[in-house]
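# Structure assessment
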Amino acid sequence: MESDLAGWNPFKRKKTGAKAAGDTAGRTDSAHSAVVKPLIREAHRRTPEAGGLPRFNTTAGDQMSGRGSDRFAVVRAKLRHAFTPSQPVADRRLFAGRDEVLKTIIRSIEDQRLHVVLYGERGIGKTSLMHILTQAATEARYIVVYTSCGANSNFDETFRAAAAEIPLLFHSGFSPTAAEAEKGASLADLLPNEPLTPRKFGDLCARLTGTRVLIILDEFDRAESGAFRRDVAEVIKNLSDRLGRVQLVLAGVAADLTELVEHIPSIRRNIFALRVPKMTEAEVLQIVANGEREADLKFDPQASAFVVEVARGSPYIANLVCHHAGHAALDAGRSMVQPADVASAVDRTILEFQGRIGTPIQQHVRRLFDQGRQDVLAMTSRAALAADGVFDASDVEASNRISARKAQDAIEILVAERLLRSLHSEEAGQRYSFVEEGMPTLIWMMWAQRNLNGGSAAAPTPRAAAGS
Ligand SMILES: Nc1ncnc2c1ncn2[C@@H]1O[C@H](COP(=O)(O)OP(=O)(O)OP(=O)(O)O)[C@@H](O)[C@H]1O
Ligand SMILES: [Mg+2]
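This text gives an overview of the structure that appears in the document. Quantities reported herein were computed from a predicted structural model and do not represent experimental measurements.

Procedures and definitions
Residues numbered from 1 in each chain as written. Chains lettered and ligands numbered in written order. Predicted model: local features only at pLDDT ≥ 70, side-chain atom pairs only at ≥ 80, totals over all residues. Heavy atoms only, no water. Phe/Tyr/Trp six-rings, centres within 6.5 Å; stacked < 30°, edge-to-face > 60°. Helix = DSSP H or I, 4+ residues; strand = E, 2+ residues; numbered from the N terminus. Buried < 20%, exposed > 50% of the residue type's maximum accessible area, 1.4 Å probe, protein only. Donors = N, O, S within 2.8 Å, 3.2 Å for Na, K, Ca; no water. Contact = heavy atoms within 4.5 Å. Core = buried A, V, L, I, M, F, W, Y, C linked by side-chain atoms within 4.5 Å. Domains from an automatic or database assignment. Near = heavy atom within 4 Å. Polar contact = N/O pair within 3.5 Å; in protein donor to acceptor, adjacent residues only side chain to side chain. Areas by Shrake-Rupley, 256 points an atom, 1.4 Å probe, with all protein chains shown as cover. Salt bridge = Lys/Arg side-chain N within 4 Å of Asp/Glu carboxyl O.

Turning our eyes to something else, we now look at the packing of aromatic side chains. Aromatic ring pairs are reported here in terms of the distance separating the ring centres and the angle at which the planes meet. Under the definition given, this model contains seven aromatic pairs. Considering the side-chain rings of Phe83 and Phe299, the 6.0 Å spacing of their centres and the 70° angle between planes classify their relative orientation as edge-to-face. Here Phe83 is found in the loop between helix H2 (73-82) and helix H3 (99-110), whereas its partner Phe299 is found in strand E6 (residues 298-299), with 216 residues between them in sequence. Measuring from centroid to centroid gives 6.4 Å for Phe391 and Tyr432, while their planes differ by 40°, and the two rings are tilted. Within this pair, whereas Phe391 is found in the loop between helix H16 (374-386) and helix H17 (393-400), its partner Tyr432 is found in strand E9 (residues 429-434), the two being separated by 41 residues in sequence. A relative accessible area of 0% places Phe391 in the buried class.

So, in structure tokens, the structure goes:
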């Protein structure tokens, strides 16, 4: 039997029926050549010498290269520093909000002499907070040692490196004029050759005088070794018992604290644990305002409102969307960012996010959107985003102001679709999470794109859509 494709020749063109522009398959030969000719001219024009290939606009030394720069080239260059979706903020001028969080961390370090554990979802701003904390503590003449943990972090290496940052002149056994102290030796020079233990490190720190030390262990969740986590808990206990002048600050991704530090019961009294909350609307608006100032761009108020809605308290999404929206405005020859620029930025962000989620799941979500299930998806995503991923029916109820019944129905629909995973624990009861981490963000952006496009403040929200 002949297949449907028999005789099909993609290169053979019909002689008639050229209707829609761009429909090359149905063009007459002359219409076709009208399309092809300019392409051929373009092909000849695009030689490397003619500068046809994309180039960098700025040199590695941050100088404008002069090539390919438009009249907004300077603004474009500034935009790169104004919104930094791929980097933590280290510049105070760009650091938005978080006053309360910082104040609380500083008080617990300064007044209560506690060790601090800072936890929260990916991209919520832990590292940025650590950078600003580092600056504040350095101003107060603390010695601050910042370490970003990795999968292979171990106690010996991490704390030896920390000891190397503490000058020997602060050790009570050496006078500041001692030859070793003057030569710039550090506590690391007093460490034995055998692997460093929490006890040994604690002993050494107990001898410090005339200074205070903060050891920041960022990305603590990345450290895979149980022994490392146990030793860190041990050193916290040790330092606390001896009223040491060294305090630890641990930061990492965790839904709850016990995930971050094992052996928590033994050090519970010695640590202050703080979950980094979602940003408020005012804080997200400050990100926009900081960027406007840095880049010499303006966001139309509707555009700013759209950013706030899409970001839902995530500084990462706010930076990403503002970054793309700024470029979209410049591409259109404007220095005023319009809601339409934010809409195209959301499109780009959605595309970027798609790469992080399995294709079958994405297709499944799109199918549900097309089947009119978008409100169920949006309501549960809203709850997931508000609760760092793990939520229960009351979260869905509260974050959408809908009835308990509607919230439970929404959950059950998505459990049946196998998009929600059901988690049960003695303490927390029945809770749920989406089957992939990035899903609530992606779904929320897809929903916002369809419903808030144009930044209309009057656009329907799940609250309204739920009809409650
Ligand atoms: N206070 C802030 N003001 C402005 N932008 C911020 C702020 N906090 C975080 N951001 C932005 O949010 C994004 C994530 O920040 P950061 O890397 O600090 O988060 P994180 O919690 O350490 O993330 P991860 O869990 O991946 O380590 C970055 O783009 C950063 O520029
Ligand atoms: Mg981080």
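Anyway, onward from the coordinates.
Taken together, the protein donors to the magnesium ion (ligand 2) comprise Thr127 (OG1) and Glu219 (OE), at separations of 2.0 to 2.4 Å. With a gap of 92 residues between them, Thr127 in helix H4 (residues 126-139) and Glu219 in the loop between strand E3 (213-218) and helix H8 (226-241) connect regions that are remote in the sequence.

Moving on, we come to the environment of Leu102. Take Leu102: it is sitting in helix H3. Assessed through its relative accessible area of 13%, Leu102 is described here as buried. Considering only alpha carbons, one finds Leu102 and Ala136, 34 residues apart in sequence, at a separation of 9.5 Å. Not counting residues up to four positions away in its chain, the partners in contact with Leu102 are Phe95, Leu129, Ile132 and Leu133.

We now examine the nonpolar core. In this structure, Phe299, Val307, Val342, Val365 and Phe391 are the most contacted members of the largest nonpolar core, which totals 66 residues. Here this core takes eight residues from helix H19 (residues 439-451), the largest share from any one element. Domain assignment of the residues forming this core places at least three in each of domain 2 (281-354) and domain 3 (359-462). Setting aside anything within four residues of it in sequence, one finds Phe391 in contact with Thr380, Ala383, Ala384, Val396, Ile411, Leu420, Arg431, Tyr432, Ser433 and Phe434. Within the second largest apolar cluster, 36 residues are counted, among which are Phe159, Ile166, Val213 and Ile236.

Turning next to the site of ligand 1. Near ligand 1 lie 24 residues; those nearest to it are Thr84, Gln87, Lys126, Thr127 and Ser128. In this structure, an oxygen atom belonging to ligand 1 sits 3.2 Å away from a main-chain N or O atom of Pro85. Contact distances for ligand 1 include 3.2 Å between an oxygen atom and a side-chain N or O atom of Arg122. Surface burial for ligand 1 is 92%, taken as the share of its 630 Å² of free accessible area covered by protein chains. Put simply, the parts of the chain that give the shell around ligand 1 at least two residues each are H4 and helix H13 (315-331).

On to the pattern of salt bridges, then. For the coordinates displayed, the defined rule picks out 17 salt bridges. Between Glu294 and Arg293 there is a salt bridge, and its shortest N-O distance comes to 3.7 Å. When its relative accessible area of 45% is taken as the criterion, Arg293 is described as partly exposed.

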